[in-house]
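# Residue-level structural notes
Residue strings, one per chain:
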Amino acid sequence: MQFIRIMPSQNPFLLSYCKVPSKSQPSELHSKMAKTLSCKIGPSILNADLSQLYNESQKLIDSGADYLHLDVMDGTFVPNLTFGHPVVKCLRTKLPNTVFETHMMVQNPIQWISAMADANVDQYTFHIEPCDDVPLVCRKIKEAGMKVGLAIKPGTPVTSVEEYIDLADMILVMTVEPGFGGQKFMTDMMPKIEMLREKYPTMDIEVDGGIGPNNIDVCAKAGANMIVSGTAVILDKNPPKVIKLLKDAVNKHLNKKLNC
């Protein structure tokens, strides 16, 4: 099998791949697949000044962010409330060309698919833990024109998400408990990423929670190529410098994998 792009786009976040028959040997296959990965940095706006949401978001894009990670919480799945689709839709009018990923920390993810699609969200990432029918939710997301992200909490075994890998465009491994910003990074989540990267070399793997310059090397070495960083970027006096540091660390490890 080999992978070909089926949705050409100038934005690497929106690339999709299709399996086609091939006589490639496994070593050739892994080499070809590894070359499709790219580093993407998506700052979380959870700790931004939400009264200045557009200005804060534009500042992050101007600082080199590849996408915005929008944390949507319902007060049920997690003990906190943030914002919903009206705010996302309003922000979209100001940032028509920015990639939006909504991280849906909600009890009933299927409920908000249509509304987020109407807000022109690019990727809809939801937690598998409260979901009774993950394949149905994935199908509805794709029918609505969005990419699928599957998220797991720290206490959820990585094997729980494996049965849905073929339905996903990205896997999010949480490195804090979802619901609040500014938590301490959980290093013991790295084996989950290592296992996913080893078994699924072209899968976009995102990490979210307590990530910054002090631990980016650990995440990158484990195999994460999509990095969510909130506090470390937003509260720094020089966000472009922090984003560049994060990108350089991930690209360094991606290049090592290509040269193996």
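The structure displayed is predicted, hence computed values, not measured ones.

About the criteria used
Residues numbered from 1 in each chain as written. Predicted model: local features only at pLDDT ≥ 70, side-chain atom pairs only at ≥ 80, totals over all residues. Heavy atoms only, no water. Axes fitted to C-alpha atoms, helices over the stretch in contact; angles between N-to-C directions. Helix = DSSP H or I, 4+ residues; strand = E, 2+ residues; numbered from the N terminus. Parallel < 35°, antiparallel > 145°, perpendicular 65-115°, else oblique. Left-handed = near helix turned anticlockwise from the far one by under 90°. Contact = heavy atoms within 4.5 Å. Nonpolar A, V, L, I, M, F, W, Y, C, P; charged D, E, K, R; others polar. Buried < 20%, exposed > 50% of the residue type's maximum accessible area, 1.4 Å probe, protein only. Core = buried A, V, L, I, M, F, W, Y, C linked by side-chain atoms within 4.5 Å. Phe/Tyr/Trp six-rings, centres within 6.5 Å; stacked < 30°, edge-to-face > 60°. Lys NZ or Arg CZ within 6 Å of the ring centre and 35° of its normal. Salt bridge = Lys/Arg side-chain N within 4 Å of Asp/Glu carboxyl O. Arc of directions from axis to C-beta. Polar contact = N/O pair within 3.5 Å; in protein donor to acceptor, adjacent residues only side chain to side chain.

So, on to the packing of helix 2 (residues 53-62) against helix 3 (residues 85-94). As a packed pair, helix 2 and helix 3 sit with axes 10 Å apart at the nearest point and diverge in direction by 55°. Taken together, the axes of helix 2 and helix 3 lie oblique to each other. Considering the relative orientation of helix 2 and helix 3, their crossing is right-handed. Contact residues: helix 2 offers L53, Y54 and S57, while helix 3 offers V87, L91 and K94. Of the residues in the contact of helix 2 with helix 3, the class split is four nonpolar, one polar and one charged.

Here we take up the environment of K247. When you line up the elements, K247 lands in helix 10 (residues 239-258). The class of K247 is partly exposed, set by a relative accessible area of 22%. Separated by 209 residues in sequence, K247 and S38 have C-alpha atoms that sit 9.8 Å apart. Ignoring any residue separated from it by four or fewer positions in sequence, one finds K247 in contact with C39, I41, G64 and D66.

Turning next to the nonpolar core. F126 and L150 are the most contacted members of the largest nonpolar core, which has 65 residues in total. If one sorts the elements of this core by residue count, helix 10 sits on top with six residues. Beyond its immediate chain neighbours, meaning those up to four positions away, L150 contacts T125, F126, I128, V134, C138, V161, Y164, A168, M170, I171 and L172. Judged by nonpolar contacts, the second largest core, of nine residues, contains Y67, M170, V176 and M226.

Each aromatic ring pair is characterised by the separation of its centres together with the angle its planes make. Per the counting criterion, the structure on display carries zero aromatic pairs. A cation over a ring is seen here: R92 above F100, with NZ or CZ 3.9 Å from the ring centre. Looking at K94, its charged tip hangs above the ring of Y54, at a distance of 5.7 Å from the centre.

This paragraph deals with the pattern of salt bridges. Under the counting rule described, the total for this entry stands at nine salt bridges. Linking D204 and K40 is a salt bridge whose minimum nitrogen-to-oxygen distance equals 3.0 Å. Of this pair, D204 sits in strand 9 (residues 204-208) while K40 sits in strand 3 (residues 40-41); the two residues are 164 residues apart in sequence, bridging distant segments of the chain. Across the salt bridge formed by D169 and K147, the nearest N and O atoms sit 3.4 Å from each other. Separated by 22 residues along the polypeptide, D169 in the loop between helix 6 (159-162) and strand 8 (170-174) and K147 in strand 7 (residues 147-152) bring together distant segments of the chain.

The next point concerns the environment of I45. In this structure, I45 sits in the loop between strand 3 and helix 2. Measuring from C-alpha to C-alpha, the distance between I45 and D71 comes to 7.5 Å, with 26 residues separating the pair along the chain. Those residues in contact with I45 that lie beyond four places of it in its chain are L50, L53, S57, L60, L68, H69, L70, F83 and I234.

Within the span of helix 5 (residues 134-143), buried status applies to V134, V137, C138 and I141. Down the axis of helix 5, the buried set is contained in an arc of 100°. They therefore lie on one face. Packed against the buried residues of helix 5 are helix 4 (113-118), strand 6 (123-127) and strand 7. The N-cap of helix 5, judged by a side-chain oxygen 3.1 Å from the amide nitrogen of L136 a few residues on, is D133. Where helix 5 ends, the next residue or the one after it, G145, has phi of about 90°, a positive value.

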